[in-house]
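In case you want the letters, here they are:
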Amino acid sequence: MKRALITGVTGQDGSYLTELLLEKGYEVHGIIRRTTSFKNEWLDEIQDSPRFKGLPFFLHYGDLTDAQGMIHLMRKIKPTEVYNLAAQSHVRMSFDIPEYTGDVTGLGTLRILDAILEAGGETRFYQASSSEMFGQVQEIPQRETTPFYPRSPYGCAKVFAHWITINYREAYHMHASSGILFNHESPRRGEAFVTRKVTRAIARIVSGKQKELYLGNLEAKRDWGFAKDYVEAMWLMLQQPKGDDYVIAMGETHSVKEFLDLAFGAVGKDWQEFVKIDPNNFRRTEVDILIGDPAKAREKLGWKPKHTFKDLVQMMVKEDLKREGLLPEKYMRSG
């Protein structure tokens, strides 16, 4: 039986990846910080679901800032595959806590790679790289060969993590891959991120609990996909004969305004009646446009997304309506 270790298991990607690996017959181990409660909505759903009842899923305390702790866990679990999804991943917040962001998001990756080497070095490794590494984009669309120009401490930390993964792959002949994932969302997205902030606000507006929504730059353009599709690409990377780097994206870009049009339109409302601009929500250095070219992933991994941008938006609105105790079919427009 294959054994996987997932950092960042409590996040949206970690929960979808856990489900995928359990369905494929893996023994799955997740690392959570001691400051994080074992109570987690998505993990509770997995553990309580009849689909996964009794399957080998285990949680361990750990922290990417603790090198010795990572070595101990690697020797104890002896994973076949490690998926490093943990990070301080909020871009705007990374300006407020740049040192912590660099420690966890950047050096944390180095600590995992060293722990793998200390434990024998045979484990296959996946690094969650980010489209934020491209920042002030040097070409459109962005490919695996596009130069990086990060525009935040988060983006800089991810560039370090990406290059140290490549360095260890070449220096120690590790099976290490980086997925340069463009923005991917889901109903499990954290509420601090703009997409979930929008869909949660819509549900609260419909229920009468909220009247306004404060946002930042509505002109920013992103390549948005569905997280569940993207974790399949992570798994596919570690099934290849050798480690490599892959852009995972939809290959199309949409502005925040377009997201608002679709999301508010799904419940028959005009976002301009509710959305206000708050300067505090603007980044210090903006990333104006991101659009990835997933051609390599399509060709070498056989990967392609199963859901469209519109599917994603409607899915998120529907689930947040349910969380507010509302019937989606009563408020959502069909089509």
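Chemist: Before we go on, may I ask you to explain the nonpolar core in this structure?
Modeler: The tendency in soluble globular proteins is for nonpolar side chains to be buried as a group. Ranked by internal contacts, the top residues of the largest apolar core, which has 66 residues, are Y83 and F264. The dominant element in this core, judged by the number of residues it contributes, is helix α7 (residues 227-237), at eight residues. Core analysis: the second largest hydrophobic core is formed by 21 residues, I31, I71, A86 and I116 among them.

Chemist: Would you mind going over the packing of helix α4 (residues 98-118) against helix α5 (residues 153-172) with me for this structure?
Modeler: Relative placement of two packed helices is described by the angle separating their axes and the distance separating the axes. At a minimum axis separation of 8 Å, α4 and α5 run at an interaxial angle of 15 degrees. Here α5 runs roughly parallel to α4, going by the angle between their axes. Considering how the two elements wind past one another, α4 and α5 form a crossing that is right-handed. Packed against α4, whose contacting residues are P98, T101, G102, T105, G106, L107, T109, L110, L113, D114 and L117, the element α5 presents P153, Y154, A157, K158, F160, A161, I164, T165, Y168 and Y172 at the interface.

Chemist: Whenever I open this one, the packing of aromatic side chains confuses me. Can you help?
Modeler: Any two aromatic rings considered together are summarised by their centre-to-centre distance and by the angle between their planes. Under the criterion given, the structure shown has 10 aromatic pairs. Here Y16 and F226 contribute two aromatic rings whose centre-to-centre distance is 5.7 Å and whose plane-to-plane angle is 75 degrees, an arrangement assigned as edge-to-face. With Y16 in helix α1 (residues 12-23) and F226 in strand β10 (residues 225-226), this residue pair connects regions lying 210 residues apart in the sequence. Each member of the pair, Y16 as well as F226, carries the same accessibility label: buried. Clustering of aromatic rings is evident, with ring pairs tying together F134, F148 and F182.

Chemist: Help me understand the pairing of strand β2 (residues 27-32) in this model?
Modeler: Counting buried residues along β2, six of its six residues qualify, which places the element largely inside the surrounding structure. Every second residue of β2 is oriented toward a common face, with E27, H29 and I31 on one face and V28, G30 and I32 on the other, all of them buried. Bridge analysis of strand β1 (residues 3-7) against β2 gives five bridges, and the strand direction is parallel. Looking at β2, one finds that I6 is bridged to G30. Crossover β1 to β2 through α1 is right-handed.

Chemist: What exactly am I supposed to notice about the pairing of strand β11 (residues 245-248) here?
Modeler: Regular strands have side chains that alternate between both faces of the sheet. Here β11 shows no split at all, with D245 and V247 on one side and Y246 and I248 on the other all buried. Bridge analysis of strand β6 (residues 176-181) against β11 gives four bridges, and the strand direction is parallel. Directly across from L181, in β11, lies its bridge partner I248.

Chemist: Mind showing me how you'd approach the side chain of Q210 here?
Modeler: Inspection of the secondary structure assignment puts Q210 in the loop between α6 (194-206) and β8 (213-215). Within polar-contact distance, the side chain of Q210 engages the side chain of R204 at 3.1 Å. There is a polar contact of 2.9 Å between the side chain of Q210 and the backbone oxygen of E212. Residues within four places of Q210 in sequence aside, it is in contact with A201, R204 and I205.

What counts and how
- Residues numbered from 1 in each chain as written.
- Predicted model: local features only at pLDDT ≥ 70, side-chain atom pairs only at ≥ 80, totals over all residues.
- Heavy atoms only, no water.
- Core = buried A, V, L, I, M, F, W, Y, C linked by side-chain atoms within 4.5 Å.
- Buried < 20%, exposed > 50% of the residue type's maximum accessible area, 1.4 Å probe, protein only.
- Helix = DSSP H or I, 4+ residues; strand = E, 2+ residues; numbered from the N terminus.
- Axes fitted to C-alpha atoms, helices over the stretch in contact; angles between N-to-C directions.
- Parallel < 35°, antiparallel > 145°, perpendicular 65-115°, else oblique.
- Left-handed = near helix turned anticlockwise from the far one by under 90°.
- Contact = heavy atoms within 4.5 Å.
- Phe/Tyr/Trp six-rings, centres within 6.5 Å; stacked < 30°, edge-to-face > 60°.
- Pairing = 2+ DSSP bridges.
- Right-handed = clockwise from strand over helix to strand, strands pointing away.
- Polar contact = N/O pair within 3.5 Å; in protein donor to acceptor, adjacent residues only side chain to side chain.

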